[in-house]
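Structural characterization, general
So the chains spell out like this:
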Amino acid sequence: MRKGSKYYEEDYDDGYDDEEEEEDEEEWYAEETAAQPPAAPQHVQRTRVAKTAPSALGKGLTQTPGAGKAEGAKTAQAAALRSAPQPLVPGPAGPFRFDTPSPDDAAREAAARGGARKKPPGGQPPPPAPGPAAKDGTEEVSEALRSKLQLGAAPAEDQATQLPPAPRHALSAYEPSAEVARACAATVAEESAAGAKPRLHLVVLGHVDAGKSTLMGRFLVELGLVPQRVVHKTQREAAAAGKGSFAWAWMLDERPEERARGVTVEVAMTRFETSQRQVTLLDAPGHRDFVPAMIAGAAQADAALLVVDCSVGGFEAGFAPPSGPGSIGGQTREHAQLARSLGISQLAVVGTKLDAISGDPEEQAARFAAVRGSLEPFLKSCGFASRAVQWLPASGVTGDNLRGRGDGTGLGAWWRGGTLEDAIDAFRPGSGGESERERALRLPLRLVVHEAAAAGSKGAAQLGGKLEAGALLPGSRVLVMPSGQAATVRTLGAEGAGGVAAGGSSPAALLAGSGASLTLAGLDDPGSVGPGSIVCDPAWPVPAASAFRARVLVLQVPGPILPGQQVSVYCHAAKESGTLRRLQQDGPSPRPARFLVSGQRALVEVALARPLALETAADLPALGRVVLRDGGRTLAVGLIIELL
């Protein structure tokens, strides 16, 4: 082609390697010109052959005036060959396909992997086969193409070898070390000798303004845990702010933001003892904007108090289902569903504000019965067994039916059942009782971190959380997942602050089901340890999963759930964004689903933006329960069945 053409000759790709063609042409040109007497060039045509002439002449060839005419003929012939159209070379299966590697590419890749290589010019021996570090990253030639070109297989040592991941043993195969077993036995014996009461983690749930904080604040005062001077001071502050009716709630809501808004924002934690239990109380917020905080509190609980506003209109607002695309519904409904999905099987429904209906005992009793009749079938549909649900009325304002039977006035005029304290004492310790705790002690260490703060020294962090499995000893080596950091337990305390037990001495061991406050030392990055991290046994680490499959129940949703939808994933104390990667209909033979609707049971595959420390529900239920939310609404709840 002429230089003035739109495209240059070099721009055409005829499927062949131009560099090797040029080498062949150089050799051919050298042989032809060697047979002719040297002559000075008469005319040099601007072709690619002319560009190779200097290299050929550089191999000891010289131009003489007698060879000009013959050289011009040869170069013209070469130019004619190059300008002629090149037909495709037929192969065993027809013409060459441009969407597959060319034979030259295949030969070059085989040579790079130790196969037959072309002998370099000058008769030099071929260089040694490149090792793994010399690979250029090109893709391996497919087996079909190797067979087609008869290249043979690549050397075994040069093939990319991917070893299968090491098998992960079932947690049931774990056997505690002799040291851990002795510490557990000593701790159990010490608790029995001291007559220690069973521990219970109790969360308070319910719709906003149902009276949760008022009820429990007054209950703490009735137990004598709040000094009278503090009670009087709080009452004066509430009256001065024009919120005298919030005085009891302010016993728990201590933050200025909560007192100003009149709603609980974060989970308020306190501890008290009844005649039968050591209770860690978790007062969860009821406003729909703070459902994530409610999930974090319920994830730690063994049992729940569901506080229900029984006033006319109050119950209906809290129990209303979503009425449209923009409707969320009442939190009484959502809290009950979330509590059951998070593993809470014990529930006490406490009806409040009955005194706002009427002073007539019969009307109060009728209203309580009506509320129970509406709510009981729904709780059964959530999975609560009838025998595991207690019902009682109570009043945080008057203190009726919190402790003792009263004098026959108020609620005592018609209620003959148990009090709030009786309901708490009736809860079994632990989510599954003592047998469940014994099983958890036979599993490796799993401590869920709910709170984290800097400890003041380099590489240290102060953590608060709950032991879901195993035992924790002071001075033991642990692993924090999913960050994968090794650390040492410097201080350890049970249910106390600052890494010191409530009794002032460090315990020999903390067992499954206990709350813990500990300080870790030796962390590479303490800032990466936070709520949702898991402190575990280094020999039995928690998997860091980037995706999982779960069996879920779709709740009341305004529209279909689609593949590719973005969701917020909640599991134990962890929260992460994720994507619904695959949907399947649940059943004996799962089938792909194009979408999911309300009330449907399904299998979903969720890809996480960042890995989370998770277990399957079959291995450890506390670390295998999952909640999927989007747009301030709970979409689905379920159990993790596989980690990917």
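Residues numbered from 1 in each chain as written. Predicted model: local features only at pLDDT ≥ 70, side-chain atom pairs only at ≥ 80, totals over all residues. Heavy atoms only, no water.

Before going further, it helps to examine the overall build of the chain. Scanning the chain from terminus to terminus reveals 15 helices and 23 strands. Sequence-distant contacts, at least 24 apart, represent 72% of the contacts inside the chain between residues at least 6 apart. Carbon and sulfur atoms form 54% of the exposed surface of the chain, whose accessible area is close to 32200 Å². (Helix = DSSP H or I, 4+ residues; strand = E, 2+ residues; numbered from the N terminus. Contact = heavy atoms within 4.5 Å. Areas by Shrake-Rupley, 256 points an atom, 1.4 Å probe, with all protein chains shown as cover.)

With respect to topology, six strands assemble into an open sheet ordered β4-β5-β3-β6-β7-β8, the strand pairing being mixed. Strand pairing shows two members of the sheet lacking a second neighbour, β4 (268–273) and β8 (389–393), which therefore form its edges. Across the sheet, the mean angle separating the axes of adjacent strands is 25° when strand polarity is ignored. Judged from the five bridges that link them, strand β7 (residues 346–352) and β8 form a sheet pairing that is parallel. Bridge pairing links G351 to P393 in β8. Its contacts with the sheet put helix α7 (residues 212–222) on β3 (199–206), β4, β5 (278–283), β6 (303–309) and β7, and the angle it makes with β3 is roughly 145°. (Pairing = 2+ DSSP bridges. Axes fitted to C-alpha atoms, helices over the stretch in contact; angles between N-to-C directions.)

In terms of nonpolar packing, the biggest core is built from 70 residues, with M216, L305, L306, V349, L375, L379 and L420 touching the most fellow members. Split by domain, this core shows at least three residues from each of two domains, domain 1 (195–426) and domain 3 (544–643). Apart from residues lying up to four places away in sequence, L375 is in contact with L306, V308, F319, T332, V349 and W391. The next biggest cluster of nonpolar side chains, apart from the first, holds 26 residues, and it includes F548, V569, A593 and V606. (Core = buried A, V, L, I, M, F, W, Y, C linked by side-chain atoms within 4.5 Å. Buried < 20%, exposed > 50% of the residue type's maximum accessible area, 1.4 Å probe, protein only. Domains from an automatic or database assignment.)

All right, on to the pattern of salt bridges then. Under the defined criterion, the tally for this structure stands at 15 salt bridges. Close ionic contact of R629 with E334 constitutes a salt bridge, the shortest N to O distance being 3.1 Å. With a gap of 295 residues between them, R629 in strand β22 (residues 625–630) and E334 in helix α12 (residues 331–341) connect regions that are remote in the sequence. Here R581 ties to E605 by a salt bridge, and the two come within 2.7 Å at their closest N and O atoms. With a gap of 24 residues between them, R581 in strand β19 (residues 574–585) and E605 in strand β21 (residues 601–613) connect regions that are remote in the sequence. For R581, a relative accessible area of 46% gives the class partly exposed. E605 gets classed as buried once you look at its relative accessible area, which sits at 9%. Where salt bridges share partners, they join R581, R582 and E605 into one cluster. (Salt bridge = Lys/Arg side-chain N within 4 Å of Asp/Glu carboxyl O.)

Take the packing of aromatic side chains next. Aromatic ring pairs: the centre-centre distance and the angle between the two ring planes describe each pair. Overall, the coordinates contain seven aromatic pairs when judged by the stated rule. Their ring planes at 80° and their centres at 5.6 Å tell us that F219 and F272 sit as a pair that is edge-to-face. Here F219 is found in helix α7, whereas its partner F272 is found in strand β4, with 53 residues between them in sequence. With respect to class, F219 is no different from F272; both count as buried. One residue, R218, lies across the ring of W248, its end atom 4.4 Å from the ring centre. (Phe/Tyr/Trp six-rings, centres within 6.5 Å; stacked < 30°, edge-to-face > 60°. Lys NZ or Arg CZ within 6 Å of the ring centre and 35° of its normal.)

Moving on to the environment of R288. One can find R288 in the loop between β5 and α10 (291–298). R288 gets classed as partly exposed once you look at its relative accessible area, which sits at 46%.

Look at α10 against α12: their axes get within 10 Å of each other, and the N-to-C directions meet at 35°. The crossing of α10 and α12 is right-handed. Across from V291, M294 and I295 in α10, the residues of α12 making contact are Q331, E334, H335, L338 and A339. Residues belonging to the contact of α10 with α12 are distributed by class as follows: five nonpolar, two polar and one charged. (Left-handed = near helix turned anticlockwise from the far one by under 90°. Nonpolar A, V, L, I, M, F, W, Y, C, P; charged D, E, K, R; others polar.)

A word on the sheet that holds strand β10 (residues 461–469). Reading around the barrel, the six strands line up as β9-β10-β15-β13-β12-β16 and close back on themselves, with antiparallel pairing between neighbours. Taking the axes of each pair of neighbouring strands and ignoring which way they run, one obtains an average angle of 45° across the sheet.

At a minimum axis distance of 9 Å, the contact between α12 and helix α13 (residues 361–382) shows a crossing angle of 30°. One finds that α12 runs roughly parallel with respect to α13. Note on packing geometry: the crossing formed by α12 with α13 is right-handed. Across from T332, R333, A336, Q337 and R340 in α12, the residues of α13 making contact are L375, F378, L379 and C382. Of the residues contributing to the contact of α12 with α13, the split by class is five nonpolar, two polar and two charged. (Parallel < 35°, antiparallel > 145°, perpendicular 65-115°, else oblique.)

Here we take up unusual backbone geometry. Put simply, M481 and P482 share a cis peptide bond, and its omega is 10°. Within the secondary structure, P482 sits in the loop between β12 (477–481) and β13 (485–494). One non-glycine residue, D209, lies in positive phi territory at about 65°. Considering the arrangement of structural elements, one finds D209 in the loop between β3 and α7.

Pairing of strand β18 (residues 566–571) with β19 involves six bridges; the strand directions are antiparallel. Along β19, the bridge assignment pairs C571 with A574. With antiparallel pairing between neighbouring strands as the criterion, β18 and β19 make up a hairpin whose turn holds two residues, including H572 at a positive phi of roughly 45°. In the sheet, β19 pairs with β21 via seven bridges, with the strands oriented antiparallel. Each bridged residue has a counterpart across the sheet, and for T579 the counterpart in β21 is A607. In this sheet, strand β20 (residues 591–592) lies alongside β19 in antiparallel orientation, the contact comprising two bridges. Bridging across to β20, Q585 finds its partner in R591. Between β19 and β20, which follow one another and run antiparallel, lie five residues.

Following the sequence through the fold, E421 ends up in helix α14 (residues 420–426). You can call E421 buried: its relative accessible area is 10%. Once residues within four sequence positions are removed from consideration, E421 is found in contact with F219, L223, T274, S275, L402 and R403.

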